[in-house]
Amino acid sequence: MEEWTSGLTSSFSSVFSQEDVVRILGVFENLGVGSAEDLKYVEADDLAKFLKPIEVYCEFNRVVGKNLKDNFLDALDRFSPSLMDLFRKKKGVTGQFLSELLRQTK
């Protein structure tokens, strides 16, 4: 067993059954992960169909060092002005609904 997989195995073993650990390592292998360095390219969506959402967030945060919720909220803050402009330009029933929402936020 390679060094990077033994590290994952030991950390996963505290949370998952041995069968789940083997399954998760297989997922990484199918994604093309061949070293600890490759793990930084694994995204939460890659694991979502194999793990519960909370398991994905916790493990993603532990392995990659990024908090998915914080990253999402940061991106939402960054793109909010553009989204607001889109909402203002929308026409029809949807535009009226969005206009009312925007009015309430002021």
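Scroll up for the structure.
Residues numbered from 1 in each chain as written. Predicted model: local features only at pLDDT ≥ 70, side-chain atom pairs only at ≥ 80, totals over all residues. Heavy atoms only, no water.

Draft legend 1. Representation of the environment of K40 within the structure. Secondary-structure assignment places K40 in the loop between α2 (18-31) and α3 (44-48). When the C-alpha atoms of K40 and F60 are compared, they prove to be 9.3 Å apart, with 20 residues separating the residues in sequence. (Helix = DSSP H or I, 4+ residues; strand = E, 2+ residues; numbered from the N terminus.)

Draft legend 2. Layout of the nonpolar core. Grouped together as the largest cluster of nonpolar side chains are 14 residues, with contacts concentrated most on L8, F12, F28 and L39. Taken together, the elements giving at least two residues each to this core come down to α1 (3-13) and α2. The element contributing the most residues to this core is α2, with five residues. Leave out the neighbours within four places in its chain, and F28 touches W4, L8, F12, V33, L39, V42 and L47. (Core = buried A, V, L, I, M, F, W, Y, C linked by side-chain atoms within 4.5 Å. Buried < 20%, exposed > 50% of the residue type's maximum accessible area, 1.4 Å probe, protein only. Contact = heavy atoms within 4.5 Å.)

Draft legend 3. Examining the packing of helix α5 (residues 68-89) against helix α6 (residues 92-105) more closely. Two elements in contact, α5 and α6, have axes separated by 8 Å at closest approach and are oriented at 130°. With respect to α6, the axis of α5 lies oblique. In this structure, α5 crosses over α6, and the sense of that crossing is left-handed. Residues M84, F87 and R88 of α5 form the contact with α6, whose participating residues are L98, L102 and T105. Taken together, the residues of the contact of α5 with α6 sort by class into four nonpolar, one polar and one charged. (Axes fitted to C-alpha atoms, helices over the stretch in contact; angles between N-to-C directions. Parallel < 35°, antiparallel > 145°, perpendicular 65-115°, else oblique. Left-handed = near helix turned anticlockwise from the far one by under 90°. Nonpolar A, V, L, I, M, F, W, Y, C, P; charged D, E, K, R; others polar.)

Draft legend 4. Quick look at the pattern of salt bridges. In total, this model carries three salt bridges according to the counting rule given. Between D20 and R23 there is a salt bridge, with its nearest N and O atoms 3.2 Å apart. A residue pair is termed a helical-turn pair when its members lie 3 or 4 positions apart in one helix, as D20 and R23 do in helix α2 at three residues. Given a relative accessible area of 35%, R23 falls into the partly exposed group. One salt bridge connects R103 with E100, and the closest N-O pair in it is separated by 2.5 Å. (Salt bridge = Lys/Arg side-chain N within 4 Å of Asp/Glu carboxyl O.)

Shape descriptors only; they carry no functional weight alone.
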